[in-house]
Amino acid sequence: MSRDRRATPLTEGQRVWCLIAAMAVAGALMWTWIGTWSAHRGSPGLWWPALAVAFALSEIYLVRFEFRGETNALTFADVPLVVGAAACAPIALLAARLLGSVAALALWFRQSPVKLTFNLVLHVGKTGVGVVVYRAALGDSSPVSVRGWLAGLACIVVVDIVAQALLFAVMSVFAGRPSRVVICQAVTTIAAFAVATTSLALVAVALVWEDLKTVPLLGLLIAIFVAGTQRHMALRDRYENLRLLYEFTDSVSAALPVDEAVTAVLAGARDILRAERAELCFPAETDGARRVRLGSGDAMEFVTEAPSRLESVALERGGSVLLVRGEPSDSGIRDGVAVQLRFGEVSGVLMVANRRSGLVSFTEDDQRMLESLANHAGIVLQSHELLRQLRGEAAAKEHQSLHDALTGLANRTLFGRTVEAALAAGEARAVLLLDLDHFKEVNDALGHHTGDLVLVEVARRLVRAVGRRGTVARLGGDEFAAVLTDPEVQPLTVAADCAEALDQPVVLDELSLVVGGSIGVALAPEHGDDASTLLRHADVAMYEAKNESGSLSLYRPEHDAHTRRRLTLVGELRRAIEEHEL
């Protein structure tokens with residue numbers, strides 16, 4: 001019986017270890033060939049432990065640059081490499097390289113086992129390639145001759161190309177294949193740096209070959225060059241930080257909703273400080289702390305957990321705290337910076353954790369940068385909170401201006417807008433106007449408080465009776481209205497439902513009150529094509545219902561004429577009384 005054997009894909013870590021193993025095998029085979037070589041003839045016999053010190057110092061004092069979010073370094077190790085290739089036996093040069101690298105990478109930088117192993121294997125290969133290229137290009141010539149200078153240049157260029165190719169291979173395992181633009185940018189930076197290191201290496205070979213007493217002067221020259229280079233990189237980093245701070249300010253200020261502003265703050269802090277994650281923590285009295293976390297992606301995570309030790313110290317001190325790599329910390333935090341963040345009466349902590357670089361940890365410059373980000377973020381979040389409050393107050397006031405305070409129904413203004421909107425959309429079917437019949441007696445006999453309870457109950461019944469067929473409003477006093485928008489609605493049927501709802505007794509405590517109503521109905525567009533006309537006609541029909549002792553009435557033009565004649569008669573009668581014309 002056969003089994004379906006499918007190869008399990010390797011994880012990223014397994015692929016890296018496979019690459020390291022392949023590099024180690026290739027380096028071992030190369031050194032079995034060149035390990036027996038002796039020093040170049042005429043060598044001054046340079047003491048190889050001095051080279052080990054030079055290699056260690058070149059690993060510690062290096063020039064860093066960012067590539068794909070990872071801090072990479074350009075070292076001056078090519079200088080002692082060329083010097084050792086010219087003045088030492090290959091095996092002594094390899095011993096010096098490994099001893100110096102272990103002292104710098106393991107003891108100073110405390111690299112992880114994977115990175116330390118990769119770098120040591122890489123140095124073994126680089127040293128072997130450098131010796132082979134240098135010896136092949138030099139031949140029997142003197143290291144201080146023109147051919148010796150060209151051999152040193154060829155050694156450095158080939159070693160750097162091999163090292164960067166392997167570095168790109170490892171990065172491709174984790175982040176995918178880099179683009180041509182990224183490769184060109186990295187190669188340009190490396191090539192410019194290689195010119196300077198080649199010059200130093202050739203000067204170093206000349207001084208060592210002629211007189212070993214001049215080596216201290218060479219060390220002073222290299223120290224000045226390193227200090228100048230680091231100063232230049234520091235100025236460049238400060239300029240870059242100012243640019244990033246400006247972009248952070250612009251992006252946070254442009255985010256209008258509070259959640260977008262919080263996302264912009266976390267993303268900006270994470271990317272500017274090159275951290276793996278950024279968090280906003282707001283301590284609570286009962287259930288730990290509410291936390292907003294942004295990892296390597298763009299999705300925010302909301303969790304509730306106790307503040308970390310770093311965040312607790314920042315809250316206690318009321319300032320900022322720096323945690324460098326190697327110091328005691330909580331689980332999952334290698335290094336980080338935490339700054340207290342205030343906006344309004346809210347106090348929290350902005351924290352970035354786990355520097356993406358394996359070479360460097362967070363510094364005091366990063367601490368000051370996060371303080372600046374937190375200060376600006378607090379101002380922006382406070383502005384967003386005030387804006388949210390103002391919008392909430394404006395919305396509340398607008399709601400109050402358009403709704404009845406007692407019943408919560410639309411008032412006369414909003415009802416007019418609703419009717420006009422329904423007419424414009426061709427959805428208005430009819431307008432109903434309702435007036436309670438015996439409400440004044442309820443107010444006079446039982447008080448306005450009881451009258452308000454009756455009005456609230458009437459509003460509930462009308463809303464239930466109309467349902468989804470329209471919108472109910474209170475126009476004022478005991479007058480209610482409704483606009484019907486259901487295309488299949490029968491206006492008189494809805495009016496009858498409302499009248500039936502009002503005929504049911506209103507029970508308040510031990511009182512059972514019967515409050516009827518008169519309803520006038522005006523159809524749209526038959527009886528009017530604007531809100532004021534429909535309301536006026538519904539009002540005419542409503543008074544007709546009262547006069548006829550009925551519960552509802554449909555508008556008829558003759559009722560309107562009768563109403564006009566009656567109003568005219570009332571006006572003429574008043575004038576006649578005043579002028580004694582009766």
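What you see is a predicted model, and the numbers here were worked out from it, not measured in a lab.

Draft legend 1. Looking closely at the overall build of the chain. Within the chain, the regular secondary structure consists of 17 helices and 15 strands. The 582 residues of the chain split such that 44% are buried. Just so you have it, the chain exposes about 30,600 Å², and 59% of that area is on carbon and sulfur atoms.

Draft legend 2. Seen up close, the pattern of salt bridges. Throughout the structure, instances matching the rule amount to 14 salt bridges. Between Lys546 and Asp437 there is a salt bridge; the shortest N-O distance is 2.9 Å. One end of the pair, Lys546, is in helix α16 (residues 531-547); the other, Asp437, is in the loop between β9 (430-436) and α13 (439-446), with 109 residues separating them in the sequence. Judged by its relative accessible area of 25%, Lys546 is partly exposed. Note on Asp437: relative accessible area 31%, which makes it partly exposed. For Lys440, the salt bridge identified is with Asp444, shortest N-O distance 2.9 Å. In this pair, Lys440 and Asp444 are both assigned in helix α13, 4 residues apart and thus about one turn of the helix distant. For the pair Lys440 and Asp444, one class covers both residues: exposed.

Draft legend 3. Seen up close, the pairing of strand β11 (residues 479-484). Most of β11 sits out of view: 6 of its 6 residues are buried. With burial as the criterion, each face of β11 is covered, one bearing Glu479, Ala481 and Val483 and the other bearing Phe480, Ala482 and Leu484. As paired elements, strand β10 (residues 470-476) and β11 share 6 bridges and run antiparallel to each other. Within β11, the position partnered with Thr471 by the bridge is Val483.

Draft legend 4. Local environment of the nonpolar core. By size, the foremost hydrophobic cluster in this structure holds 37 residues, and its most contacted members are Leu51, Phe55, Val82, Val83, Leu93 and Tyr134. Broken down by secondary-structure element, the contributors of at least two residues to this core are α1 (12-34), α2 (48-60), α3 (78-87), α4 (90-108), α5 (113-138), α6 (146-175) and α7 (180-210). Filtering out sequence-adjacent residues up to four positions away, Val82 remains in contact with Tyr134, Gly152, Cys155, Ile156, Ala201 and Val205. Ranked by size, the runner-up nonpolar core spans 31 residues in total, among them Val489, Val494, Cys498 and Val521.

Draft legend 5. Spatial organisation of the packing of α3 against α5. One way to put it is that α3 packs onto α5 with a least axis distance of 10 Å and a crossing angle of 55°. Viewed along their axes, α3 and α5 adopt a mutual orientation that is oblique. Judged by the twist between their axes, the crossing of α3 over α5 is right-handed. Along the contact surface, α3 presents Leu81, Val82, Ala85 and Ala86, while α5 presents Lys126, Thr127, Tyr134 and Arg135. Of the residues in the contact of α3 with α5, the class split is 5 nonpolar, 1 polar and 2 charged.

Draft legend 6. Focus on empty space enclosed by the protein. For the coordinates displayed, the defined rule picks out 1 cavity of 30 Å³ or more. The computed volume of the largest cavity comes to approximately 70 Å³. Around the largest cavity, the lining residues are Leu432, Leu433, Leu434, Leu462, Val466, Val472, Phe480, Ala481, Ala482, Cys498 and Ile519. Residue classes in the lining of the largest cavity are distributed as 11 nonpolar, no polar and no charged.

Draft legend 7. Looking closely at helix α12 (residues 412-424). With 13 residues, α12 should reach 18 Å at 1.5 Å per residue; the first-to-last C-alpha distance of 18 Å fits that figure. Residues of α12 that are buried: Leu414, Phe415, Gly416, Val419, Ala422 and Leu423. The backbone nitrogen of Thr413 has a side-chain oxygen 3.2 Å away, supplied by the residue at the start of α12, namely Asn411. Following α12 by one or two positions, Gly426 adopts a phi angle in the positive range, close to 75°.

Draft legend 8. Looking closely at the packing of α2 against α3. Two elements in contact, α2 and α3, have axes separated by 9 Å at closest approach and are oriented at 160°. Classified by the angle their axes make, α2 and α3 are roughly antiparallel. The handedness of the crossing between α2 and α3 comes out as left-handed. When α2 is examined against α3, the residues Leu51, Ala54 and Phe55 are found in contact with a partner set consisting of Pro80, Leu81, Val83 and Gly84. Residues that form the contact of α2 with α3 fall into these classes: 6 nonpolar, 1 polar and no charged.

Cut-off values and rules
- Residues numbered from 1 in each chain as written.
- Predicted model: local features only at pLDDT ≥ 70, side-chain atom pairs only at ≥ 80, totals over all residues.
- Heavy atoms only, no water.
- Helix = DSSP H or I, 4+ residues; strand = E, 2+ residues; numbered from the N terminus.
- Buried < 20%, exposed > 50% of the residue type's maximum accessible area, 1.4 Å probe, protein only.
- Areas by Shrake-Rupley, 256 points an atom, 1.4 Å probe, with all protein chains shown as cover.
- Salt bridge = Lys/Arg side-chain N within 4 Å of Asp/Glu carboxyl O.
- Pairing = 2+ DSSP bridges.
- Core = buried A, V, L, I, M, F, W, Y, C linked by side-chain atoms within 4.5 Å.
- Contact = heavy atoms within 4.5 Å.
- Axes fitted to C-alpha atoms, helices over the stretch in contact; angles between N-to-C directions.
- Parallel < 35°, antiparallel > 145°, perpendicular 65-115°, else oblique.
- Left-handed = near helix turned anticlockwise from the far one by under 90°.
- Nonpolar A, V, L, I, M, F, W, Y, C, P; charged D, E, K, R; others polar.
- 1 Å grid on protein atoms, 1.4 Å probe; cavity = no way out; pocket = protein on both sides within 12 Å on 5 of 7 lines; lining within 4 Å.
- Points joined across faces, edges and corners; volume = space filled by probe spheres on them.
- Expected span 1.5 Å × (residues − 1).
- Polar contact = N/O pair within 3.5 Å; in protein donor to acceptor, adjacent residues only side chain to side chain.

On their own, these measurements won't tell you what the molecule is for.
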